[in-house]
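Residue-level structural notes
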Amino acid sequence: MGRARRSTSDSPSALLIGPYDPHCGEFTFLAPPLGVWRLAGVLEAAGIETKVFDPNCCREPPQRALERVLLSGAWDIVGVSTTGMTLRFDLELAHIVRRVTPEAFIVAGGMEATFRPELMFELGPFDLIVLGEGERPLLDLVARRRAGQPLGGIAGTAERNKDGQIIRIPQRALSRDELRDAIYSTPYDKMPYSAYWERLESAYRIGALPSKAAREARLAEIRSVRLITLNYCPMGCTFCSATNFLHEAEGSVASIARLEADECLTMIERIMAAHPRARTIIFQDDIFTFTRDRRILPLCEGIIAAKQNGRIPAHLQFISTNRIDAMSTERLTAMRRAGFRVLGFGIESFSPRVLAEFNKAQIHRHIEPMLSAALASGVTPFLDLILSSPHAALEDVAQTLREAYRWLRQGCEIGMYPYVIPFSGAMLAKDPSLLPHTHYARRHVAGTDIAWQQPVKILPIDPDVTDAILRMERSFESMLGPLERQVAHLPSRLRSLLWILSSLPIMAERGQYIADEREVRGELYARLPALRPEAAMLAAATA
Ligand code: B12
Ligand code: SF4
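First, a word on what this report is: a plain description of the structure on this page. (Residues numbered from 1 in each chain as written. Chains lettered and ligands numbered in written order. Predicted model: local features only at pLDDT ≥ 70, side-chain atom pairs only at ≥ 80, totals over all residues. Heavy atoms only, no water.)

**Comments concerning the overall build of the protein**
To keep it simple, the criterion reads: Helix and strand labels come from DSSP, where a helix needs a run of H or I of at least four residues and a strand needs a run of E of at least two; each type is numbered from the N terminus. Only C-alpha atoms enter the radius of gyration, while the globule expectation follows 2.2 Å times N to the 0.38, with N the number of residues. Buried, partly exposed and exposed residues are distinguished by accessible area as a fraction of the type maximum, computed with a 1.4 Å probe on protein chains only: under 20%, between the cut-offs, and over 50%, respectively. Throughout, a contact is declared for two residues whenever any of their heavy atoms are within 4.5 Å. Only the protein chains shown count as cover for residues, and all accessible areas are computed by the Shrake-Rupley method using a 1.4 Å probe. The positive count covers Lys and Arg only, the negative count covers Asp and Glu only, and His and the chain ends enter neither. Positions of charges follow a simple convention, taking NZ of Lys, CZ of Arg, CG of Asp or CD of Glu.
The helix and strand tally for the protein stands at 21 helices and 15 strands. The C-alpha atoms of the protein give 24 Å as radius of gyration, which agrees with the globular expectation for 543 residues (24 Å, within 12%). Overall size of the protein, expressed as C-alpha extent along the three principal axes, is 70 × 60 × 45 Å. Scored against the burial criterion, the 543 residues of the protein give a buried share of 56%. Long-range contacts, defined as pairs at least 24 residues apart, comprise 73% of the intrachain contacts of the protein with a sequence gap of at least 6. Within the structure as shown, the protein displays about 22,300 Å² of accessible surface, and the carbon and sulfur contribution to it stands at 53%. Charge-centre separation for the protein: the mean point of 64 positive side chains lies 3 Å from the mean point of 63 negative side chains.

As structure tokens, then:
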């Protein structure tokens, strides 16, 4: 590092590539990549011509589309966004950049790059890694290239010195005002939301849904725009990486920052001006309401007033993810009145023991009263659940499955995952005692001979629980594949019923009754999009 590369013009241009997921299924990006779009807005505001390349929204194969974009301009900097789930595909694109434009200055950023800069240098063709929020480091980098200055020592980067050692230079998190300015710069008018909506509408085959109400609900969900108003979540759940993201870049504890209520309203208005067909705004904050939250009630009042005086459409709805222990009847009522239709809750488990292992034991006593209150107020709770934890016993798994089924029947929506995924940066992923229970998958970067072992599962220490979970996973996958081929992409809520169905015989063998099989099948088929004849046969075959 430290070498200066000459800028190709006085007005440097940057190409930013979003994380790439070719699978377009459950594990996919359902919206334009917010991180790189926000960076593009900030760079443009500083006079730096910037293009976003979104590999998940191309008319031709993304590899070919990228080559075309690379050859269409003189890029001073090419930035590649990375996440753990998409790393092998992100690396494939990074290697294409190096091959097509050998002189490009290639930077990696995002979640995985921040937590694993060494791995990025080992597997990717990168000149520099950005740690944490990319705004300041990218502005600094471009300014130096413009001035022909050396590029070493930029705060918020990791570089490789002559001896091959990785040097990390920490940066502090964006201040509240810097974060507000970055969010305000996000170029919503350029983000291709409608292209995503069209794709999702056909993936879910809207016309085939069982009722008009279901179609309307799904449409409202699909025609959504994402807004993030917070920099990170301080709750410290042990399976979560996001909570440690800014600390990792700062090298110490970062300060929390978020938009005020009136600033949120400004953003809502801008989004609606850019995308008047949007029906829902999804607040993408890791956690939207805190226990001692002074923003939520004024924000709800502000939204109601803005709807009344026509500043935003009266039908506009909202979705947010919240801590269940931060909910109260007063807040739920205010949110419902403002148009919050779905509230996500990271419940994770109904077992107090597992919750303690996840560092969220305090939420347990709030689950029953707050889910009941949310349902009574007409809000749909969306629960995220992880069926097992490293120390889970069979009874913990059974408790979560039974309770999940009970709440599903009462009107909750559920996303279910079988085990903890060891995301880089999460506490559980760093725990050496869990290494023997961590499973790896061999990952290969297409177009290269690069391969590595990526941690993909932390399985329960109890071998019987692991056996049950893995059998459930196999059974789930064997049912999901044919069903999706015949019917349509199944959203999480249907997948969770499939998980419950898969678990029944396996848990029964172990003396754990979860639910009546005929009843679970009935619930599943009632929610499926209209079955085509082949799918009906399949349903009959699996019955
Ligand atoms: C929104 C979101 C989604 C949306 C994505 C919509 C979209 N296209 O934006 C949806 C719902 C589709 C989604 C899906 C999933 N997500 Co998600 N998601 C998030 C969430 C809540 C916010 C991301 C976001 O927009 N952040 C705001 C922007 C501004 O921040 P950012 O992207 O990090 O970008 C900043 C920096 O990272 C950096 N940066 C980013 N890219 C680059 C590139 C360069 C060149 C540079 C210099 C800098 C840079 O600068 C940016 C601005 O400061 C994060 C949690 C979080 N707090 O980040 C989880 C998160 C990213 N998701 C996660 C997961 C696990 C998933 C799923 C697997 C969930 C699931 N089981 O289905 C899927 C998989 C997606 C996939 N294919 O990888 C994990 C990833 C863990 C990891 N280490 O990889 C996170 C971190 C949550 C967590 N628990 O830890 N997700
Ligand atoms: S509340 Fe959500 S975002 Fe916050 S630490 Fe826990 S899992 Fe992560």
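**Description of the site of ligand 2**
Inclusion rule: Whether a residue is near a molecule or strand is decided by its heavy atoms; if any one of them lies within 4 Å of it, the residue is near. Each residue gets one label: Ala, Val, Leu, Ile, Met, Phe, Trp, Tyr, Cys and Pro are nonpolar, Asp, Glu, Lys and Arg are charged, and the others, such as Gly, are polar.
Contacts to ligand 2 come from Cys233, Met235, Gly236, Cys237, Phe239, Cys240, Thr243, Asp286 and Arg323. Of the residues belonging to the shell around ligand 2, the class tally is five nonpolar, two polar and two charged.

**Here's the deal with the packing of aromatic side chains**
Filter applied, for reference: Pairing of aromatic side chains requires ring centres within 6.5 Å, counting the rings of Phe and Tyr and the six-membered ring of Trp. Pairs whose planes differ by under 30 degrees are stacked, by over 60 edge-to-face, and all others tilted.
Evaluated as defined, the whole model comprises ten aromatic pairs. Taken together, a centroid distance of 5.7 Å and an interplanar angle of 20° make the contact between Phe283 and Phe318 stacked. With Phe283 in strand β9 (residues 280-283) and Phe318 in strand β10 (residues 317-322), the pair connects residues that are 35 residues apart, well separated along the chain. Ring geometry for Phe283 versus Phe340: centroids 5.9 Å apart, planes at 15°, classification stacked.

**Notes on the pairing of strand β7 (residues 166-169)**
Heads up, the rule is: Strands pair, by our definition, only if DSSP identifies at least two bridges between them.
Inspection of the sheet shows strand β6 (residues 157-160) paired to β7 by four bridges, in the antiparallel sense. Following the sheet pairing, Arg160 is matched in β7 by Ile166. In sequence, β6 turns back onto β7 through a hairpin of five residues, with Gly164 there showing a positive phi of about 85°.

**Observations regarding the site of ligand 1**
Selection rule: Within 3.5 Å is the distance limit for a polar contact, defined as a pair of N or O atoms, with the added protein rule that one can donate a hydrogen and the other accept it, and that residues adjacent in sequence qualify only through two side-chain atoms.
The local shell around ligand 1 holds 40 residues, among which Ala31, Ser81, Gly84, Glu135 and Ser241 are the closest. Contacts to ligand 1 include Pro32, whose backbone N or O atom sits 3.2 Å from a nitrogen atom. Among the secondary structure elements, those contributing two or more residues to the shell around ligand 1 are α1 (34-45), β3 (77-82), β4 (105-110) and α6 (135-147). Per-element accounting of the shell around ligand 1 gives the leading share, four residues, to α1. Residues that form the shell around ligand 1 fall into these classes: 20 nonpolar, 13 polar and seven charged.

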